[in-house]
Amino acid sequence: MTAAVAAASNDRGDLAEFGYEQQLHRSLGKFGSFAAGFSFVSILTTIFQLFGLGFGFAGPAFFWTWPVVFLGQFMVALCFAELAARYPISGAIYQWSRRLGGEIVGWFAGWFMIVAQVVTAAAAAIALQVVLPAVWSGCQVVGDDPALTSASGAANAVLLGSILLVLTTIINCVGVNWMSRLNSIGVTCEIVGVVAVIGMFLTHAQRGPDVVFDTGGAQSGYGWAWIVSGLMAAYVMVGFGSAGELAEETHNPRRVAPRTIRLALSVSALGGGLMIVGALMAAPSLTDGRLATEGLPYVLTSILSSPWGTLLLVDVAIAVFVCTLAIQTAASRLMFSMARDGRLPASAVLARVNPRTGTPIAPSVLVGVLCIAVLAVNVGNSAIFATLSSVCIVLIYLAYLMVTVPMLVRRLSGRPLGGPEVDTDGRKLFSLGVFGIPVNVAAVAYGALMVVNLSWPRAEIFDPTGEYPILRWAAPLAVLAVVLVGAACCSPRGAARATVSRPVPIGA
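Rules behind the numbers
Residues numbered from 1 in each chain as written. Predicted model: local features only at pLDDT ≥ 70, side-chain atom pairs only at ≥ 80, totals over all residues. Heavy atoms only, no water. Helix = DSSP H or I, 4+ residues; strand = E, 2+ residues; numbered from the N terminus. Rg over C-alpha atoms; globule rule 2.2 N^0.38 Å. Buried < 20%, exposed > 50% of the residue type's maximum accessible area, 1.4 Å probe, protein only. Contact = heavy atoms within 4.5 Å. Areas by Shrake-Rupley, 256 points an atom, 1.4 Å probe, with all protein chains shown as cover. Lys, Arg positive; Asp, Glu negative; His and termini not counted. Charge placed at Lys NZ, Arg CZ, Asp CG, Glu CD. Bend = angle between axes of the 7 residues up to and from the residue. Phe/Tyr/Trp six-rings, centres within 6.5 Å; stacked < 30°, edge-to-face > 60°. Lys NZ or Arg CZ within 6 Å of the ring centre and 35° of its normal. Core = buried A, V, L, I, M, F, W, Y, C linked by side-chain atoms within 4.5 Å.

Trainee: What exactly am I supposed to notice about the overall build of the protein chain here?
Mentor: From N to C terminus, the protein chain includes 24 helices and zero strands. Taking 23 Å as the expected radius of gyration for a compact globule of 508 residues, we find that the protein chain reaches 22 Å, a close match to that expectation. Once the C-alpha set of the protein chain is aligned to its principal axes, its extents read approximately 65 × 50 × 45 Å. Taken across its 508 residues, the protein chain has 57% of its residues classed as buried. Restricting to contacts in the protein chain with at least 6 residues of sequence separation, those with at least 24 account for 82%. Of the roughly 19300 Å² that the protein chain leaves accessible, carbon and sulfur atoms contribute 70%. Positive and negative side-chain charges in the protein chain, numbering 28 and 24 respectively, have mean positions lying 11 Å apart.

Trainee: Even after reading the chapter, I still don't get helix α3 (residues 43-58), so can you show me in this structure?
Mentor: One full turn of an α-helix is made of 3.6 residues, so residues set three or four places apart face in the same direction. A bend of about 45° at L50 is the largest found in α3. In terms of burial, α3 is largely enclosed, as twelve of its 16 residues are buried.

Trainee: I keep staring at the packing of aromatic side chains and nothing clicks. Help me out?
Mentor: Each pair of aromatic rings is reported with the distance of its centres and the angle of its planes. Under the defined criterion, the tally for this structure stands at 18 aromatic pairs. When the centroid spacing of 5.1 Å and the interplanar angle of 75° are considered together, the rings of F63 and W64 count as edge-to-face. Judged by relative accessible area, which is 34%, W64 ranks as partly exposed. Aromatic side chains F80 and Y400 sit 5.0 Å apart centroid to centroid with 85° between the ring planes, which places their arrangement in the edge-to-face category. With a gap of 320 residues between them, F80 in helix α4 (residues 65-86) and Y400 in helix α20 (residues 382-413) connect regions that are remote in the sequence. Neither residue differs from the other here; F80 and Y400 are each classed as buried. An aromatic cluster is built from F80, W96, F240, Y397, Y400 and Y446, whose rings are joined through pairwise contacts. Taking NZ or CZ as reference, R181 lies 5.8 Å from the ring centre of W178, over its face. Taking the ring centre of F430 as reference, the NZ or CZ of R262 above it sits at 4.2 Å.

Trainee: Looking at this structure, I do not really get the nonpolar core. What am I missing?
Mentor: The nonpolar side chains of a soluble globular protein tend to be buried, and buried together. Ranked by internal contacts, the top residues of the largest apolar core, which has 152 residues, are F51, W96, M275 and Y397. The dominant element in this core, judged by the number of residues it contributes, is helix α6 (residues 103-126), at 16 residues. If you look at the next biggest cluster of nonpolar residues, it comprises seven residues, including A36, I171, L246 and L325.

Laid out in structure tokens, this is it:
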């Protein structure tokens, strides 16, 4: 008990050095921190949704985009882990970019992430429509066509997603203990489900693992198709830094957060890669078109009896639930962190922490309301909703660059990253050491290339029906709109207050 009290005191003292009081309740351990990042990525949700996207463009060999994206993102994760050890503060992307690149860079990094996380949470919630009506027809409340592209399916998706968001909002308001317990249970179920899916695929294999070298019969121009197929992996492998968002609610975050950031991405990449290979090996056909249009559910329904298939779909629904919960939690903590520095409209309200639950209730409620508002777009036009979901990933990558680019500038100029090199016990914190510059360069190069790839005006991604040609330019136009709105909302007075009342540590 004495050791626990001493550790808690050290954590509070750590936070006080940055000019903040301990208001959020510290109750997350190592697994809870890992679960936050793993459930944000949520391979059981995202690969089920997006497998067809990658396969449809490049055939089985699209698998190789998975390790490429993982290596690029792991370079980013290593940079984040180094910063998480030095700045264990809620609102990680905002706080890191602000301390490395200044107030304006920090503001836009935080603003991009808030917008992206709201849309991402809405996109995750809408995935319930893909799962629940298949589990029980009674979940199709509106109409009788569960397809997301149909009028009744779109409306029902908004209904189910809104119910889910109300539940996750309530959980976030009740306290981090409930969030952590439910998230940990959900992540355990998801890991079990991933292992079960991989096992089922491998035991029903109809071809060998060399299938990953099959280009689908493409004779020319395959490289371009392969690059496009990489968007699937790029959409999936984001959000691994959520452990940093919850640093003020984690015990010993200087040591725990860097590990769990790397572990969440690595476990997700390993499990996701095996799922992709297993699906390609077990698919009844690679040429009938169903694998591109129906994705993993097509493979599962072909090899599973109804009870087992239903049980697995329930597990996917649990994954959707914890994924939505994790994204909303990360967004609310980011909003709280920015409001605490006076950087948002109504900052006084958004920065208030309930003393009983130890949670920022106003940001949780606001994020939930905004997510439901974004969901409503799907009723009017599912193509626009899909486009919004794609654009929000561009914003996430841009926010990541607003951390890695200033970080690289500091390294090249010989300036320190700031923060301590050792913890309160005198033990050395995670550091890239001599590998700092090459890893940082790789992270920046990968991020810049992926932003271009994600933003490229492709009709097949942003306007697959050909009805709205303007949507091809959705990414640059949306980024411009977000920048303009952000510039209008950015408060110079808030920046001044943040600089004066929340001093950046010496060396940062």
